[in-house]
Amino acid sequence: MLHFNRLLSLLVLVLLLAGCATAPGEPEVKPDDPFYAPVQPSRMEPPPPTRGSLYQASHSKALFGDRKAYRVGDVITVHMEEQTRSSKSASSDMSRNTNVNVVNPNIGGRDSPVNLGLNMNSDRSFSGDASADQSNSLLGSITVTVHDVYPNGNLLVRGEKWLTLNQGAEYVRVSGIVRPEDIRPDNSVISTQMADARLTYSGTGDLANANRQGWLARFFNSGWWPL
């Protein structure tokens, strides 16, 4: 009985450790992340004025064109139109046959009094099939700010949007690089035209926790489970 209790305690300990090891480990997400925060006014100070000229590049406005984001601190609307679909299938088939036949040895012209012959057959086979089909779609809009302007004119944009609901909150975060040529006349850009794009749509609270597997379910779906 003592041995059984020890085995049971060891099994519980392994389950707890595995549950901790397979936990998502993601930090708690909170609004007002400094990485996505709007640009502070101190970074939007214009450069010293150019003496001897009425034209100031830092204060210029297009007289015959649409107003678009091109400076640090300007806002731009990102239309998220993401649709992805992936499918994958794999199959494996393996078999092996082993046949060992050893006759009874002949010693001095006579058969061994003890039968040392051996006849052994072994068959092994393995067959497995796996398939996965996944599709995702993200549609929406978010207005972000320009955080940096590269020497070639490309804009680094970042921003987030939080929606507080009854049972939690949902948030959208966008980060990427935009070419000025891809900005539409209404000062917007499509997410598929952003380079190095990072789009995150998730939530916090009771509703988000209800869709997350518990530690025991994660253990059975992890590589720790031997079956």
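Predicted model only: the values in this text are computed from it and were never measured. (Residues numbered from 1 in each chain as written. Predicted model: local features only at pLDDT ≥ 70, side-chain atom pairs only at ≥ 80, totals over all residues. Heavy atoms only, no water.)

Thoughts on the environment of Val72
What counts is decided by this rule: Runs of H or I in DSSP of at least four residues are treated as helices and runs of E of at least two as strands, each being numbered from the N terminus.
With respect to the helices and strands, Val72 occurs in the loop between α1 (2-21) and β1 (75-102). Each C-alpha atom, one on Val72 and one on Val157, is 9.1 Å from the other, the two residues being 85 residues apart in sequence.

Structural notes on the nonpolar core
Here is the rule we go by: Throughout this description, the term nonpolar core refers to a set of buried Ala, Val, Leu, Ile, Met, Phe, Trp, Tyr and Cys residues connected via side-chain atoms within 4.5 Å. Each residue is assigned to one of three classes by its accessible area relative to the maximum for its type, calculated with a 1.4 Å probe on protein chains only: buried under 20%, partly exposed between the two thresholds, exposed over 50%. In what follows, a contact means two residues having at least one pair of non-hydrogen atoms within 4.5 Å.
Membership of the largest hydrophobic core comes to 16 residues, with the highest contact counts inside it found for Ile76, Val78, Ile142, Val144, Val157 and Val174. Elements with a contribution of two residues or more to this core: β1, β4 (118-149), β5 (155-165) and β6 (168-178). Residue contributions to this core peak at four residues, all from β4. What Val174 contacts, discounting residues up to four positions off in sequence, is Tyr36, Val78, Met80, Ile142, Val144, Val157, Arg158, Gly159, Met194, Arg198 and Leu199.

Considerations on the packing of aromatic side chains
Under the convention used in this document: Geometry of aromatic contacts follows a simple scheme: Phe, Tyr and Trp rings, the Trp one being its six-membered ring, pair when their centres are within 6.5 Å, and the pair is stacked under 30 degrees between planes, edge-to-face over 60, tilted otherwise. Whether a charge sits over a ring depends on NZ of Lys or CZ of Arg being within 6 Å of the ring centre and within 35 degrees of the ring normal.
Following the criterion strictly, the structure yields two aromatic pairs and no others. A ring pair is formed by Phe35 and Tyr36, whose centres lie 5.0 Å apart and whose planes are at 85°; its orientation type is edge-to-face. With 4.7 Å between their ring centres and 25° between their planes, Trp162 and Tyr171 make a pair best called stacked. Trp162 gets classed as partly exposed once you look at its relative accessible area, which sits at 21%. Over the aromatic face of Phe35 sits the side chain of Arg158, whose NZ or CZ is 4.0 Å from the ring centroid.

Notes on the side chain of Ser188
Condition: In protein, a polar contact requires one atom able to donate a hydrogen and another able to accept it; more generally it is a pair of N or O atoms within 3.5 Å, and residues adjacent in sequence count only if both atoms are side-chain atoms.
Take Ser188: it is sitting in strand β7 (residues 188-190). The exposure class of Ser188 is buried, given its relative accessible area of 2%. Of the polar contacts made by the side chain of Ser188, one reaches the side chain of His79; its length is 3.5 Å. Setting aside residues no more than four positions away along its own chain, Ser188 makes contact with Ile76, Thr77, His79, Asp182 and Ile183.

Remarks on the confidence of the model for the chain
Inclusion rule: pLDDT measures how confident the predictor is about each residue, on a scale from 0 to 100.
Looking at the chain as a whole, its pLDDT mean stands at 76, while 60% of the residues score no less than 70. Low pLDDT, under 50, characterises residues 21-25; the stretch is placed with nine contacts to residues that sit more than four places away or in other chains.

So, the side chain of Arg173
With respect to the helices, strands and loops of the structure, Arg173 is situated in strand β6. The exposure class assigned to Arg173 is buried, which follows from its relative accessible area of 9%. Side chain to side chain, Arg173 and Glu160 meet in a polar contact 2.8 Å long. Setting aside residues no more than four positions away along its own chain, Arg173 makes contact with Val29, Lys30, Asp33, Tyr36, Gly159, Glu160, Trp162, Arg198, Leu199 and Thr200.

Thoughts on the pattern of salt bridges
Spelled out, the test is: The term salt bridge refers to a pairing of a side-chain nitrogen on Lys or Arg with a carboxyl oxygen on Asp or Glu at a separation within 4 Å.
As enumerated under the stated definition, the model contains six salt bridges in all. Ionic pairing is found between Arg71 and Asp74, a salt bridge with its closest N-O pair at 3.8 Å. For Arg71, a relative accessible area of 26% translates into the label partly exposed. Asp74 sits in the buried class, given a relative accessible area of 12%. The partner of Asp196 in a salt bridge is Arg198, and the shortest N-O contact between them spans 2.9 Å.

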